[in-house]
Amino acid sequence: MYDPVQLRTFLTVAQTLSFTQAAGRLGVRQSTVSQQVRRLEDATGRPLFLRDTHSVELTQDGEALLGFARTILEAHERAAAYFTGTRLRGLLRFGASEDFVLTRLPEILEGFRHEHPEVDLELSVELSGTLHERLDAGRLDLVLAKRRGPGDERGRLVWRDRMVWIGAEGLRVDPERPVPLIVFPPPGITRARALEVLERDGRGWRIACTSGSLSGLVAAARAGLGVMAHTRGLVPPGLVRVPGLPELGSVEFALLRGGRGSAAAEALASAILSGADRLTRPA
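Remember, predicted model here, so these are calculated numbers, not experimental data.

(A) Representation of the environment of Val 179 within the structure. Structurally, Val 179 can be placed in strand 7 (residues 179-183). Distance from Val 179 to Ala 137, taken between C-alpha atoms, is 36 Å for residues 42 residues apart in sequence. Not counting residues within four places of it along the chain, the set of residues in contact with Val 179 comprises Val 173, Leu 198, Arg 203, Gly 204, Trp 205, Arg 206, Val 227 and Leu 245.

Here it is in structure tokens:
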């Protein structure tokens, strides 16, 4: 009933919340994206997006279609792999940002391993800044990480969101005292963003906790030691947004390929792009 091309376009718009960005990722015109979404809305008989000149948001029916679309596309891909008889093999070195430790990324990787059992998948979980360095040094084949900032357009956009300040419920930041920060060590991208916006706003700050693991930062935040900059769609349980601090702006997550291209890296990239909506859901 539903055209796989239209479903893939729908998923891409849902992940980027932008018809323009979806068109760029799919390699088609924006008018083509709009036409395919409109045809899918005609097929379902329901509006899937609320959109104006400034924003794009999923409707309730659009949220419901996410799971169905992903399941349908996965079935198509399994059938295509079976009948073409392709067997991927070899070592695939994949790096994922700490941000995705508590999401459903492991489900995507499990599905990939099931479909391609002869691929030796080697996973590295690091800070986004470290992943960029390892990719540039030729030590990784595929990376899912934050882009370094405005103007960085490397890789394929997977997901865009805003960054917010979070901390323990009831925590209030005294405007007369330095902001207590919970941060990753350098070269953490969120760390750099937090320091930049506070200094630009003229706010004093102090480091209350540094940890190389997300679980360590979350534990410190839950204990009320301070605030941390974090992606809005990935706020860990037990933490809430903290008001009264300068805006952190948006963040983009992208897939970046290393110089040693491989069919296995492309297959995993396709699996992540198809299931990117699961990256905003807790495990």
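Back to the text.
(B) Structural detail: helix 3 (residues 30-44). For helix 3, built from 15 residues, the straight-helix expectation of 21 Å at 1.5 Å per residue is met to within 8% by its first-to-last C-alpha distance of 21 Å. Of the residues making up helix 3, those classed as buried are Val 33, Gln 36, Val 37, Leu 40 and Glu 41. What you see down the axis of helix 3 is that its buried residues fit within an arc of 140 degrees, all on one side. In helix 3, those exposed residues whose orientation departs by more than 90 degrees from the buried face are Ser 31 and Asp 42. Two residues or fewer after helix 3 comes Gly 45, characterised by a positive phi angle close to 75 degrees.

(C) Highlighting the pairing of strand 7. Counting buried positions along strand 7 gives five out of five residues, so the element sits mostly inside the fold. Of the two faces of strand 7, the one lined by Val 179, Leu 181 and Val 183 and the one lined by Pro 180 and Ile 182 are each fully buried. With five bridges connecting them, strand 7 and strand 8 (residues 205-210) associate as parallel partners. Pairing of Val 183 across the sheet is with Thr 210, part of strand 8. Handedness of the strand 7-helix 7 (residues 189-200)-strand 8 crossover: right-handed.

(D) A look at the pattern of salt bridges. For the structure on display, the rule yields 16 salt bridges. The network of salt bridges with shared partners includes Asp 136, Arg 148 and Arg 154.

(E) Main features of the nonpolar core. Formed by 42 residues in total, the largest nonpolar core has its most connected members in Phe 94, Leu 105, Leu 144, Trp 165, Val 227 and Leu 279. Here this core takes six residues from helix 9 (residues 263-274), the largest share from any one element. For Phe 94, the residues in contact, after removing those within four places along its chain, are Leu 105, Leu 109, Leu 121, Glu 122, Leu 123, Ser 124, Leu 140, Leu 142, Val 143, Leu 144, Leu 268 and Ile 272. Among the nonpolar cores identified, the runner-up in size contains 19 residues, and Phe 19, Leu 40, Ala 69 and Leu 73 belong to it.

(F) Inspection of the environment of Leu 109 at higher detail. Mapping Leu 109 onto the fold places it in helix 5 (residues 105-115). Take Leu 109: its relative accessible area is 10%, and that puts it in the buried class. In the structure, Leu 109 is positioned 66 residues away from Pro 175 in sequence and 44 Å away in space, judged by C-alpha atoms.

(G) A look at the environment of Ala 229. Within the secondary structure, Ala 229 sits in strand 9 (residues 228-231). Sequence-wise, Ala 229 and Asp 277 are 48 residues apart; in three dimensions their C-alpha atoms are separated by 22 Å. Setting aside residues no more than four positions away along its own chain, Ala 229 makes contact with Met 163, Val 164, Trp 165, Thr 190, Ala 194 and Leu 248.

(H) Quick look at a nonpolar patch on the surface. On the surface, a nonpolar cluster with roughly 310 Å² of combined accessible area is contributed by Val 101, Leu 102, Leu 123 and Val 125. Turning to its location among the elements, Leu 102 is positioned in the loop between strand 3 (90-97) and helix 5. Since its relative accessible area comes to 44%, Leu 102 is described here as partly exposed.

(I) Here's a closer look at the packing of helix 1 (residues 4-16) against helix 2 (residues 19-26). Two numbers describe how helix 1 lies on helix 2: the axes approach to 8 Å, and their chain directions differ by 125 degrees. One element, helix 1, and the other, helix 2, form an angle in the oblique class. The chirality of how helix 1 crosses helix 2 is right-handed. Only Phe 19, Gln 21, Ala 22, Arg 25 and Leu 26 of helix 2 make contact with helix 1, whose side of the interface consists of Thr 9, Thr 12, Val 13, Gln 15 and Thr 16. In terms of residue class, the contact of helix 1 with helix 2 is made up of four nonpolar, five polar and one charged.

Conventions and cut-offs
- Residues numbered from 1 in each chain as written.
- Predicted model: local features only at pLDDT ≥ 70, side-chain atom pairs only at ≥ 80, totals over all residues.
- Heavy atoms only, no water.
- Helix = DSSP H or I, 4+ residues; strand = E, 2+ residues; numbered from the N terminus.
- Contact = heavy atoms within 4.5 Å.
- Expected span 1.5 Å × (residues − 1).
- Buried < 20%, exposed > 50% of the residue type's maximum accessible area, 1.4 Å probe, protein only.
- Arc of directions from axis to C-beta.
- Pairing = 2+ DSSP bridges.
- Right-handed = clockwise from strand over helix to strand, strands pointing away.
- Salt bridge = Lys/Arg side-chain N within 4 Å of Asp/Glu carboxyl O.
- Core = buried A, V, L, I, M, F, W, Y, C linked by side-chain atoms within 4.5 Å.
- Patch = residues over 30% accessible without salt bridge, like charges linked within 9 Å, V, L, I, M, F, W, Y side chains within 5 Å.
- Areas by Shrake-Rupley, 256 points an atom, 1.4 Å probe, with all protein chains shown as cover.
- Axes fitted to C-alpha atoms, helices over the stretch in contact; angles between N-to-C directions.
- Parallel < 35°, antiparallel > 145°, perpendicular 65-115°, else oblique.
- Left-handed = near helix turned anticlockwise from the far one by under 90°.
- Nonpolar A, V, L, I, M, F, W, Y, C, P; charged D, E, K, R; others polar.

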